[in-house]
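Residues per chain are reported as follows:
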Amino acid sequence: MADELRARIRSGALLPGDRMPTQARLAAEFGVERGTVREALRVLRAERLLTHATKGAPPAVADHAARGPGGPGALPRSTTAALGPRIATAFEQPHVEIRALCLTSVSLTLAMGEPLRQIHAGELKPERVDLRVLLPDRDIGLAFPAAVEPVAAERGAGAPAGTAARDHDLVHRHWLAQRNAQGKVLAHHLLALRSSHGMDVHVEYRAIPFTPPVKLYLLNEEEALFAYYTLARRGADYGAAHVETFDAEGTEATLFAFERDAGPRDAAFVSQSAAWFDGLWNTISAPLRLT
């Protein structure tokens, strides 16, 4: 039964996000008892092909399940669509270890919502959670987001002196406020699990002295999720001021997944990504206070 359901997932007959049939329907289809159905579903969850069932709903096909060992990779999806299910799967382990390098922790904070919901619903209970995050230092001149330097023709005659400096300051302060606020929210929700669920939780941020052109998430030494920050010219309002900026949409950045058990190429990428992150963490990064 597990072999047949696995084949349906691998072939695309069951797509990522699809709910499995109910246990009653599966028992009738395969002519077995519900205990056999539960055991088959447990096997597929252990292989990380299915998510955990929720109250009133059967398990769903995991976001990364279309990838088979050594087979073609599943199509990449946006960070918003792909990161949450993978983070939730990572939280099924007794020891959850997440490392992230990003411009802000907005995507990570959003993705953490599902495993936190499952923990509070009693569906997940890891024993230990370790989160390490690298973010840009507040005092560097960010490559992006940054105000566009207007050329003379765009400025026009009589433009107020110091407008460019004001715009850069507005953009930087907005990024800094977002970096700090999202980081605090993420840390607060995770650290609260110590008192509410007795979990051993550790959260640490460090600052890097450059603007990261990519984002990277490492999950339990098993997966590396990688996305490019693709820049575009955008207009944004900062209070009464409208500023043209060079910026990237991080939550919609396309996320590419590499899994340690998907063949030597993916395993090498996961290993090298972890070594790259740890190299930054242990050398040129500095303690970061989100204030």
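See the structure above.
Residues numbered from 1 in each chain as written. Predicted model: local features only at pLDDT ≥ 70, side-chain atom pairs only at ≥ 80, totals over all residues. Heavy atoms only, no water.

**Notes on the overall build of the protein**
Which entries qualify depends on this criterion: Helix and strand assignments come from DSSP, with helices taken as H or I runs of at least 4 residues and strands as E runs of at least 2, each series counted from the N terminus. Categorising residues by exposure relies on relative accessible area from a 1.4 Å probe, with only protein chains included: less than 20% of the type maximum marks a residue as buried, more than 50% marks it as exposed, and the intermediate range marks it as partly exposed. What makes two residues a contact is simply this: any of their non-hydrogen atoms within 4.5 Å.
In terms of helices and strands, the protein carries 9 helices and 11 strands. Structurally, the protein occupies a C-alpha span of about 80 × 40 × 40 Å along its principal axes. Taken across its 291 residues, the protein has 45% of its residues classed as buried. Taking the contacts inside the protein whose residues are at least 6 apart along the sequence as the reference set, 75% of them involve residues at least 24 apart.

**Quick notes on the packing of aromatic side chains**
We count it as follows: Two aromatic rings from Phe, Tyr or Trp, using only the six-membered ring of Trp, form a pair when their centres are within 6.5 Å; if the ring planes differ by under 30 degrees the pair is stacked, by over 60 it is edge-to-face, and anything between is tilted. We count a charge as sitting over a ring when the NZ of a lysine or the CZ of an arginine lies within 6 Å of the ring centre and within 35 degrees of the ring normal.
Inspection of the entire model under this criterion finds 5 aromatic pairs. For the pair F226 and Y228, a centre-to-centre distance of 5.0 Å together with 85 degrees between the ring planes defines the contact as edge-to-face. Taking 5.8 Å as the distance between ring centres and 20 degrees as the angle between the ring planes, the aromatic pair formed by F277 and W281 counts as stacked. With F277 and W281 both in helix α9 (residues 264–282) and 4 residues apart, this pair spans about one turn of that helix. Neither F277 nor W281 differs from the other in exposure class; each is buried. By the ring-pair criterion, three or more aromatic residues cluster together here, those being F226, Y228, F258 and F269. Above the plane of the ring of W281 lies R132, whose end atom (NZ or CZ) is 5.1 Å from the centre. Here R206 stacks its cationic end above the ring of W281, 5.8 Å away from the centre of that ring.

**With respect to the side chain of T251**
What counts here: Under the rule applied, a polar contact is a pair of N or O atoms within 3.5 Å (in protein, one hydrogen donor and one hydrogen acceptor; residues adjacent in sequence only if both atoms are side-chain atoms).
Note that T251 resides in the loop between β9 (241–248) and β10 (254–259). Judged by its relative accessible area of 16%, T251 is buried. Among the polar contacts made by the side chain of T251, one reaches the side chain of E249 at a distance of 2.7 Å. Apart from residues lying up to four places away in sequence, T251 is in contact with S78, T79, T80, V106, S107, L110 and K215.

**Some details on the environment of E4**
Examined against the element boundaries, E4 turns out to sit in helix α1 (residues 2–11). Residue E4 is classed as partly exposed on the basis of its relative accessible area, which comes to 36%. Put simply, E4 and A40 are 36 residues apart on the chain and 9.9 Å apart in space, counted from C-alpha to C-alpha.

**Things to note about the pairing of strand β2 (residues 95–101)**
Both faces of the sheet carry side chains from a regular strand, because those side chains alternate between them. Our working definition: In this analysis, strands are considered paired if DSSP registers two or more bridges between them.
Counting buried residues in β2 gives 5 out of 7 residues, a clear majority hidden from the surface. By the bridge criterion, 7 bridges tie β2 to strand β3 (residues 128–136) in an arrangement that is parallel. The partner of V96 across the bridge, within β3, is V129. Across 4 bridges, the pairing between β2 and strand β6 (residues 214–219) is antiparallel. From the neighbouring strand, A100 faces β6, where its bridge partner is Y217.

**Description of the nonpolar core**
Nonpolar side chains tend to gather and get buried jointly when the protein is soluble and globular. Here is the rule we go by: In this description, a nonpolar core means a group of buried Ala, Val, Leu, Ile, Met, Phe, Trp, Tyr and Cys residues linked to one another through side-chain atoms lying within 4.5 Å.
I87, F91, L108, M112 and L190 are the most contacted members of the largest nonpolar core, which totals 44 residues. By residue number, the principal contributor to this core is helix α8 (residues 163–197), which donates 6 residues. Every residue in contact with I87, bar those within four places of it in the chain, is listed here: I98, L108, A111, M112, P115 and L219. Formed by 14 residues, the second largest nonpolar core is a distinct cluster that contains L5, M20, L44 and L50.

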